[in-house]
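Working through the structure, step by step
The chain contents come next:
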Amino acid sequence: MEPDTDTHDTHAEPRAEPHAEPHAEPEPMVVDAVVVGAGFAGLYAIHKLRSLGLTVQAFEAAPEVGGTWWWNCYPGARCDVESLDYCYAFDEDLMREWKWSERFPTQAEVLRYAQNVADRFDLRRHIRFETTVTAAHWDEQSRRWAFDTDRGQRVAARWFVSAVGAISAPNLPGIEGLDTFEGQVLMTSRWPHEGVELEGKRVAVIGTGSSGIQAIPVIAQVAGHLTVFQRTANFSCPAGNGPIDPEREATVRADYPGYRRACLKNGAGTPTLLLSQSAFDLGEAERLAAYEAKWARGGAGGVPALFADTRTSLEANQTAADFVRGKIREIVADPEVAESLCPKDHPIATKRICLDTDYYATYNRPNVTLVDLRKTPIERITPAGIATAGRELPQDVIIFATGFDALTGALLRMDIRGVGGRSLAEAWEDGPQTYLGLMVAGFPNMFTITGPLSPSVLINVMVAISHHVEWIGDCVSHMTERGFDRIDATPDAQAEWTAEVQRIADGTLFPLANSWYNGDNIPGKPRRFLAYIGGFPAYAGRCEQVVAAGYEGFELSASHPVAAVD
Ligand code: N01
């Protein structure tokens, strides 16, 4: 589908042309708000801000809407939140009319949903596709942000809404010799939309997180031989995917808004799964039966979702971890391979739990080999393949499923400069600091949807996105009605929030894992827990309190004297 780049926001003047002469200094286009990114966060932000009467310009690096669901079209890509939960709730007609086909939607189906939303609400005319925002600089005098793009556009806006995504900046590890490889190199996070011929080929997958674990069983069905290079064994539970259950669908649809409101009362913004607070509230036989039933039913959160103390007590955690390790040993025929696949270096669910379809059984196929990098690390990539432990494993294709520079990566890849020209990179030298994950002190009028230190990646992200977009919309309305044109988080409020997020995480087992939640996967990234783990209701309650107390922890001001408004 071709984007309509010529039908831009009609209120925005003067208009910048997409391909400016290299040395020309075009006048910036002035709009009320710039939205960076046109995934689910960006689409809803455009819709919301436009509905407030604001002029909006959005930029999107991809040629289409959908964000992560555009880029991650690798074989087997699928959402691990149930389709009935993975959708917007702001429009009842949309909720009623859109029909999902499976319990867990494929990437293609989620992308179609995003495209449908863009068309239904006529959002494309606000978006410049295939355009990356390279810089955003705050100008104190005009109280506006000035943006530059890789296509030479210059835009100025009062409001800067970042919708860049929490898990969107790919991580390609610098493995020696990669540039000498004569075969094809692919990344799950940048999969070619025209598809890739893997039939009969020698394929290597590096990485066994959610992306690798989804892709491996599907690739194994077509590859001549698949070699999986595993650095850390990961816990995975069955997704239990299938056609959507008509009975459940009918129950949810009977009162969809009510169902969503009920979900918001749960920590993850999805239907509650907890059987009990503690795994030890049940006797051993009863607990095992509960784990068995959950394993058979599949779905959200896997086995660890049954008891609250899986996240906080090593003993409770071990009961779930042992159960899953037992399943791996049952499923995988070769005991040595099974042992390599059994995670032993982190408590279960302290790295994001994976949901799979036939992942462990895939290792019983004659055309699949597991290379345990803990025993035989990758030495280098050669022109013909991958060398480990003194032998070369020839490959036609190497697929990197090596994850993302999560939460901070996409923001830091732009040159963002706030008050006094201070860069975001400088401000976050020791790790991200934010107030509520929504704003960064010293970067006025910049909102970060699902930003660092908000619940974002720990809850149903559609809930996280919707909450942030609505909070930002209310804030902008509040300011506009009162004639305010500048809002900034105070350094004190930010410091308190940043410390609180870490303190709550330190009360759980999460810091025990080497994971992207802690920034461990990116060399040199400061170690800090990157998301608020206190659950959605507590977080949303806090955001509400802040507003009720007159935007406590924020400074709101006007460049001109304003009349009092009740
Ligand atoms: O990335 P990951 P992902 N040499 O970081 C390995 C969401 N998501 O794209 O663990 C060898 O989890 C790395 O090893 P280690 C979801 O939130 C959702 O899979 O660092 N290996 C790990 O095995 C998820 O958590 C969905 O030791 C290297 C893997 O690469 C998040 O995105 C689907 C390496 C990376 O795993 C990220 O998932 C997909 C190296 N140099 C993703 N560097 C669904 O909705 C890294 N690795 C289902």
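1. Concerning the packing of aromatic side chains
In the structure shown here, the tally under the stated rule is 33 aromatic pairs. With a centroid separation of 4.6 Å and an interplanar angle of 55°, the aromatic rings of W516 and Y517 are classed as tilted. One residue, R190, lies across the ring of W71, its end atom 4.0 Å from the ring centre.

2. What about helix α13 (residues 461-482)?
Here α13 spans 32 Å end to end across 22 residues, near enough to the 32 Å set by a 1.5 Å rise per residue. Most of α13 is tucked away, with 16 of its 22 residues classed as buried. G483 sits one or two positions beyond α13 and adopts a positive phi of about 80°.

3. Comments concerning the site of the ligand
Near the ligand you find 23 residues, and of these T208, S211, Q214, R231 and T232 are the closest. Contact between the ligand and D80: an oxygen atom at 3.2 Å from a main-chain N or O atom of the residue. In the model, an oxygen atom of the ligand is placed 3.1 Å from a nitrogen or oxygen of the W516 side chain. Coverage of the ligand by the protein chains reaches 87% of its 910 Å² of free accessible surface.

4. Observations concerning the state of the cysteines
Taken as a whole, this structure holds 0 disulfides when the rule is applied. In this structure C342 is not part of a disulfide, and its nearest cysteine sulfur, from C237, lies 13 Å away. Residue classification places C342 among the buried positions, given a relative accessible area of 3%.

5. Some remarks on the domain arrangement of the protein chain
Taken domain by domain, the protein chain comprises domain 1 (29-169 + 406-557) and domain 2 (178-400). When each unit is reduced to the centre of its C-alpha atoms, the spacing between domain 1 and domain 2 is 27 Å. Between domain 1 and domain 2, the contact holds 51 residues from the first and 53 residues from the second. Taken together, the links from domain 1 to domain 2 amount to 3 salt bridges. The salt bridge involving R352 is made with D80; its shortest N-O contact spans 2.7 Å. If you look at where domain 1 meets domain 2, you find 24 residue pairs in polar contact (both at pLDDT 80 or more).

6. Side note on the confidence of the model for the protein chain
Of all residues in the protein chain, 94% attain a pLDDT of 70 or more, and the chain-wide mean is 93. pLDDT under 50 marks residues 1-22. Its contacts with residues more than four places away, or in other chains, come to 46 contacts.

7. Section: the pairing of strand β9 (residues 225-230)
Burial analysis of β9 places 5 of its 6 residues in the buried class, which makes it a mostly covered element. In the sheet, strand β8 (residues 202-206) pairs with β9 via 5 bridges, with the strands oriented parallel. Looking at β9, one finds that I206 is bridged to F229. Handedness of the crossover joining β8 and β9 through helix α5 (residues 210-220): right-handed. Direction of pairing for β9 relative to strand β12 (residues 368-372): parallel, over a ladder of 5 bridges. Paired with T227 across the bridge in β12 is T369.

8. A look at the pattern of salt bridges
Scanning all chains against the criterion turns up 27 salt bridges. A salt bridge links R325 to D322, with the shortest nitrogen-to-oxygen separation between them at 2.9 Å. Placement of the pair is R325 and D322 together in helix α9 (residues 314-331), with a separation of 3 residues, close to one helical turn. You can call R325 buried: its relative accessible area is 12%. Salt-bridge contacts for K327 lead to E330; the nearest nitrogen and oxygen are separated by 3.6 Å. Residue K327 and its partner E330 are both found in helix α9; the two are separated by 3 residues, about one turn of the helix. A relative accessible area of 61% places E330 in the exposed class. What you see here is one network of salt bridges that share partners, running through E82, D85, R103 and R248.

9. Let's talk about the sheet that holds β12
Ordered in space as β7-β16-β8-β9-β12, the 5 strands form an open sheet in which the pairing is parallel. Pairing within the sheet leaves two strands with one partner each, and these edge strands are β7 (184-187) and β12. In this sheet, neighbouring strand axes are inclined to one another by 20° on average, regardless of whether the strands run parallel or antiparallel. Lying on the sheet, α5 is in contact with β8, β9, β12 and β16 (397-400); it crosses β9 at an angle near 160°.

10. Description of the sheet that holds strand β15 (residues 391-394)
Ordered by their spatial adjacency, 3 strands build an open sheet running β13-β14-β15, and the pairing between neighbours is antiparallel. The open sheet has two edge strands, β13 (378-381) and β15, and neither has a second partner. The sheet shows a mean angle of 25° between the axes of neighbouring strands, direction not considered. Across 4 bridges, strand β14 (residues 385-388) lies against β15 in antiparallel orientation. By the bridge assignment for β15, I386 is matched with L393.

Procedures and definitions
Residues numbered from 1 in each chain as written. Predicted model: local features only at pLDDT ≥ 70, side-chain atom pairs only at ≥ 80, totals over all residues. Heavy atoms only, no water. Phe/Tyr/Trp six-rings, centres within 6.5 Å; stacked < 30°, edge-to-face > 60°. Lys NZ or Arg CZ within 6 Å of the ring centre and 35° of its normal. Helix = DSSP H or I, 4+ residues; strand = E, 2+ residues; numbered from the N terminus. Expected span 1.5 Å × (residues − 1). Buried < 20%, exposed > 50% of the residue type's maximum accessible area, 1.4 Å probe, protein only. Near = heavy atom within 4 Å. Polar contact = N/O pair within 3.5 Å; in protein donor to acceptor, adjacent residues only side chain to side chain. Areas by Shrake-Rupley, 256 points an atom, 1.4 Å probe, with all protein chains shown as cover. Disulfide = S-S within 2.5 Å. Domains from an automatic or database assignment. Contact = heavy atoms within 4.5 Å. Salt bridge = Lys/Arg side-chain N within 4 Å of Asp/Glu carboxyl O. pLDDT = per-residue confidence, 0-100. Pairing = 2+ DSSP bridges. Right-handed = clockwise from strand over helix to strand, strands pointing away. Axes fitted to C-alpha atoms, helices over the stretch in contact; angles between N-to-C directions.

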